[in-house]
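# Descriptive structure summary
Below are the chains, spelled out letter by letter.
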Amino acid sequence: MARSNSKLVPQSKKALDALKYEIAAELGLPVGKQMSANADTEFATELGSIPSSSVKEDYWGHISSRDTGAVGGTITKRLIQRAEEALFSL
């Protein structure tokens with residue numbers, strides 16, 4: 001079975017990203033600009049010694065596969081929980 005990487009509802013990207021970062025924060029994972037592993041990066045971009053365009057906000061390369069899998073699994077669990085709540089609240 002071929003997998004498609006396109007979203008069924010393209011407008012959901014922002015909500016899913018927000019959920020991803022919310023769960024990562026709950027698990028204590030250092031991802032995104034606000035939780036940069038190198039605290040001097042923000043200061044260096046303000047001074048202009050590092051162009052701000054070179055700083056990636058959505059970088060997960062330093063996170064282990066186990067931790068990223070935990071984020072994905074938690075996202076799936078929460079989406080199923082929300083769908084069940086929506087079904088049973090009708």
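For the structure given in this document, a descriptive report is provided here. (Residues numbered from 1 in each chain as written. Predicted model: local features only at pLDDT ≥ 70, side-chain atom pairs only at ≥ 80, totals over all residues. Heavy atoms only, no water.)

### A closer look at the overall build of the chain
Basically, it comes down to this: Numbering of helices and strands runs from the N terminus; a helix is a DSSP stretch of H or I covering at least four residues, while a strand is a stretch of E covering at least two. Buried, partly exposed and exposed residues are distinguished by accessible area as a fraction of the type maximum, computed with a 1.4 Å probe on protein chains only: under 20%, between the cut-offs, and over 50%, respectively. Note on contacts: a residue pair is in contact if any heavy atoms of the two residues lie within 4.5 Å. The accessible surface values rely on the Shrake-Rupley method and a 1.4 Å probe; as for residues, cover is taken only from the protein chains in view.
A count of helical and extended segments in the chain gives three helices and zero strands. Along its sequence from the N terminus, the chain presents helices and strands in the succession α-α-α. Here the chain holds 90 residues, and 18% of them are scored as buried. Of all intrachain contacts in the chain linking residues separated by at least 6 positions in sequence, the fraction that spans at least 24 positions is 71%. When the accessible surface of the chain is totalled, it reaches about 7,300 Å², and 56% of it is carbon and sulfur.

### With respect to the packing of helix 1 (residues 13–26) against helix 3 (residues 65–88)
The cut-off we apply is this: Each axis is a line fitted through C-alpha atoms, and for a helix only the stretch in contact is used; angles between axes span 0 to 180 degrees, taken between their N-to-C directions. An angle counts as roughly parallel when it lies under 35 degrees, as roughly antiparallel when it exceeds 145, as roughly perpendicular when it falls between 65 and 115, and as oblique in every other case. Note on convention: near helix rotated counterclockwise from far helix by under a right angle means a left-handed crossing. Clockwise means right-handed. Each residue receives one of three labels: charged for Asp, Glu, Lys and Arg, nonpolar for Ala, Val, Leu, Ile, Met, Phe, Trp, Tyr, Cys and Pro, and polar for the others, Gly being one of them.
Where helix 1 contacts helix 3, the two axes come as close as 10 Å, and the packing angle between them is 120°. Judged on the interaxial angle alone, helix 3 and helix 1 are oblique. As helix 1 runs across helix 3, the sense of the crossing is right-handed. Packed against helix 1, whose contacting residues are Leu-16, Leu-19, Lys-20, Glu-22, Ile-23, Ala-24 and Glu-26, the element helix 3 presents Val-71, Thr-74, Ile-75, Arg-78, Leu-79 and Arg-82 at the interface. Looking at the contact of helix 1 with helix 3 residue by residue, the classes come out as seven nonpolar, one polar and five charged.

### Quick look at a nonpolar patch on the surface
Keep this limit in mind: Without a salt bridge and with relative accessible area above 30%, a residue can belong to a patch; like charges are then joined within 9 Å and nonpolar side chains (Val, Leu, Ile, Met, Phe, Trp, Tyr) within 5 Å. The salt bridge definition used is simple: a Lys or Arg side-chain nitrogen within 4 Å of an Asp or Glu carboxyl oxygen.
Together, Leu-87, Phe-88 and Leu-90 line one region of the surface with nonpolar side chains, adding up to about 460 Å² of accessible area. The residue Leu-90 is located in the segment after helix 3 in this model. Of the residues examined, Leu-90 reaches a relative accessible area of 88% and is grouped as exposed.

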